[in-house]
Structures are given as structure tokens and as C-alpha cells.
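Fold and geometry: a report
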Amino acid sequence: MGSNRTRRQLLGVVGTGATLLLAGCTDAGLVGTEPPTGTRTATGTDAATETPTETTEETTAEPEEPAMSTVFHFSKPPEEQRHAVANVANLLADDTTPVDQTVLVANGKGIYLLTETDSQYPEKVRELAEQGVSFRACQNSMAALDVAESDLLDVVETVPAGVGELTKLQAREGFAYIETP
């Protein structure tokens, strides 16, 4: 009986024929339904003037995650090259991680991954470059290991110091750092 009186009191305030929109209530918990998106309109009657009213409420879908930028650091000997290219390829293949920019900075013996004669995966490096990956070789390491710029794969650019490039990408440009074996 108490709930009928409450309902009558509510209808008396809102007016008959009104559609009541309850804030915070959705049908998201119901099996087989999706939460509402888009524009929702509620109609009713203004109790004071008995004129029709319409309220529009904008709802939005969840915002997309912002794309991230990642820098891979590779400085290992040639026997680790497969692991390095696999790490980069795995990141690109992960649909749950939106990636804007991907860079692999090679220094030390890692620069051999980026050379015509010593890379065990030159075609994979080119394929990843076609997918937007930037490959950068440390000039300090090139000089120490007697690697000329002409020895590098055609998709590789050089940077004065690999550690300097890693620092700039992380500190100035907000790249996530991954050291790859």
C-alpha cells in the first residue's frame, strides 16, 4: 500500500503520461543487452504549465586509449637478433596495445642486426620498416666496430650516440623503453 501512495505522489508531481528518466540506471546488467550510446530523449509534461517538455541527454562510448610510442634498445650479439625482431613484431601484432611510433635503437654489437652482411634477418627488418618502425644505428658503435654507413641496410638511419637517442626519446618525447635481448 505504501508503494502505491508513493507512486501516486510521484505521478501527481510529474504529471500523467510522463516518461520518467532515472539517472544512473542502465540496462547494462541485463543478459544480451548493451549499454546505451548516442542521444537519448525523454518526454514529459511540465507540471506547472501542463505543456509538453523534451530533454535530450548525450551519452558517449568509452574513449579510446591514446596511442603510445615505444623505443626498443638492442645492444646484444648476433645470436640474439631473432629475439629482437620478434619483440618488435609482437608489439605491432598486439591489437590491445595502440602504438603510434616504434623505434629500435641499436648500439654495441646490436648494430650488426642493421647491416647488410651481418644481419640474420635483413628482410624482417625491411618488413618492419615498411610497417612504420624506425631503425637507428649508433655512430659511436659503428666507429668502434668498423662499420661504415654504406654497410647498413637501406632502411636504417644513424644517430650520433645510441644512448643519447634513447634519452631524448624517453625524456623529451615520452617513449616507453624496452630493452630487448
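Being a predicted model, the structure only gives us computed values, none of them experimental.

Comments concerning the overall build of the protein chain
Helix and strand counts for the protein chain stand at five helices and seven strands. When the 181 residues of the protein chain are sorted by exposure, 29% land in the buried category.

With respect to helix 2 (residues 81–93)
Here helix 2 is 13 residues long and its end C-alpha atoms lie 18 Å apart, about the 18 Å a rise of 1.5 Å per residue gives. If you check which residues of helix 2 are buried, you get Gln81, Ala84, Val85, Asn87, Val88, Ala89 and Leu91. On its buried side, helix 2 packs onto strand 3 (68–74), strand 4 (99–106), helix 3 (122–130), strand 5 (133–138) and strand 7 (176–180).

Observations regarding the pairing of strand 5
Counted residue by residue, strand 5 has six buried out of six residues, so it is predominantly covered. In strand 5, alternate side chains face the same way, and those of Val133, Phe135 and Ala137 on one face and Ser134, Arg136 and Cys138 on the other are all buried. Regarding the hand of the β-α-β motif, the stretch spanning strand 4, helix 3 and strand 5 is right-handed. Where the polypeptide runs from strand 5 across helix 4 (residues 139–144) and back to strand 6 (residues 156–159), its parallel neighbour, the crossover connection is right-handed.

What about the confidence of the model for the protein chain?
Residues of the protein chain with pLDDT of at least 70 account for 65%, and the chain-wide mean is 80. When the criterion is pLDDT under 50, residues 3–36 qualifies, and its contacts beyond four places in sequence or with other chains add up to 21 contacts.

Regarding the side chain of Glu165
Summarising the element assignment, Glu165 is placed in helix 5 (residues 162–171). Classification of Glu165 by relative accessible area gives buried; the value is 11%.

Quick notes on the sheet that holds strand 7
Read across the open sheet, the five strands follow the order 6-5-4-3-7; overall the sheet is parallel. This sheet does not close on itself; its edge strands, each paired only once, are strand 6 and strand 7. This sheet shows a mean twist of 30° between the axes of neighbouring strands, independent of strand direction. Relative to strand 5, strand 4 is paired through five bridges, and the arrangement is parallel. Looking at strand 5, one finds that Thr102 is bridged to Val133. Of the strands in this sheet, strand 3, strand 4, strand 5 and strand 7 touch helix 2, which is tilted by about 175° from strand 3. Contacts from helix 5 reach strand 3, strand 4, strand 5, strand 6 and strand 7, with the element oriented near 160° to strand 4.

Things to note about the environment of Glu123
Along the chain, Glu123 turns up in helix 3. For the pair Glu123 and Leu153, spaced 30 residues apart in sequence, the C-alpha to C-alpha distance is 9.6 Å. Of the polar contacts made by the side chain of Glu123, one reaches the side chain of Arg126; its length is 2.9 Å.

Some thoughts on the environment of Ala84
Of note, Ala84 is situated in helix 2. Since its relative accessible area comes to 0%, Ala84 is described here as buried. Taking the C-alpha atoms as reference, Ala84 lies 8.9 Å from Leu104; in sequence the two are 20 residues apart. Those residues in contact with Ala84 that lie beyond four places of it in its chain are Phe74, Leu113, Thr180 and Pro181.

Procedures and definitions
- Residues numbered from 1 in each chain as written.
- Predicted model: local features only at pLDDT ≥ 70, side-chain atom pairs only at ≥ 80, totals over all residues.
- Heavy atoms only, no water.
- Helix = DSSP H or I, 4+ residues; strand = E, 2+ residues; numbered from the N terminus.
- Buried < 20%, exposed > 50% of the residue type's maximum accessible area, 1.4 Å probe, protein only.
- Expected span 1.5 Å × (residues − 1).
- Contact = heavy atoms within 4.5 Å.
- Right-handed = clockwise from strand over helix to strand, strands pointing away.
- pLDDT = per-residue confidence, 0-100.
- Pairing = 2+ DSSP bridges.
- Axes fitted to C-alpha atoms, helices over the stretch in contact; angles between N-to-C directions.
- Polar contact = N/O pair within 3.5 Å; in protein donor to acceptor, adjacent residues only side chain to side chain.

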